[in-house]
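Here are the chains, one letter per residue:
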Amino acid sequence: MVHYREHRAGPHTVLAVGTDCSSGKMTTMLELRRAALGRGLAPGFVATGQVGMMISGAA
């Protein structure tokens, strides 16, 4: 069961950390970004490595 709360105004930060490179952190964060876009929010994705920069198009 999924419960949704009303989005509070102001910036929010979500951090994904882990020790394994194949645990899906980047995929999860990009999916959260997509969901936020779908709700009319203005999310940002901060890439911390070369692959993330390549995928997000940020340098």
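Being a predicted model, the structure only gives us computed values, none of them experimental. For every chain, the first residue of its written sequence is number 1, and the numbers climb from 1 along that sequence. Per-residue local features of the predicted model are confined to residues with pLDDT of at least 70, and side-chain atom pairs are confined, for both listing and counting, to 80 or more; whole-chain, interface and lining totals are unaffected and use all residues. With hydrogens and water stripped out, all remaining heavy atoms of the structure feed into the side-chain values.

**Some points on the environment of His7**
Applicable threshold: Elements are defined by DSSP. Helices are runs of H or I of four residues or more, strands are runs of E of two residues or more, and each kind is numbered from the N terminus. Contacts are assigned to residue pairs with any non-hydrogen atoms lying within 4.5 Å of each other.
You can see His7 is positioned in the segment before α1 (25-38). Once residues lying within four places of it in the same chain are set aside, the contact partners of His7 are His12 and Leu41.

**Observations regarding the environment of Ala16**
In this structure, Ala16 sits in the segment before α1. Separated by 13 residues in sequence, Ala16 and Met29 have C-alpha atoms that sit 7.4 Å apart. Residues contacting Ala16, with those up to four places away along its chain left out, are Lys25 and Met29.

**Focus on the pattern of salt bridges**
Condition: Salt bridges are defined as contacts in which a side-chain nitrogen from Lys or Arg sits within 4 Å of a carboxyl oxygen from Asp or Glu.
Under the defined criterion, the tally for this structure stands at one salt bridge. Put simply, Glu31 and Arg34 hold a salt bridge, and the shortest N to O gap is 3.0 Å. Remark: Arg34 and Glu31 occur in helix α1; sequence separation between them is three residues, near one turn of the helix.

**Description of the packing of aromatic side chains**
Note the cut-off: When the centres of two rings from Phe, Tyr and Trp lie within 6.5 Å, Trp using its six-membered ring, the rings pair. Their planes under 30 degrees apart give stacked, over 60 give edge-to-face, and anything left gives tilted. Lysine NZ or arginine CZ positioned within 6 Å of the ring centre and within 35 degrees of the ring normal marks a charge as sitting over the ring.
Within this structure, the stated rule accounts for zero aromatic pairs. We note Arg39 situated over the ring of Tyr4; from NZ or CZ to the ring centre the distance is 4.5 Å.

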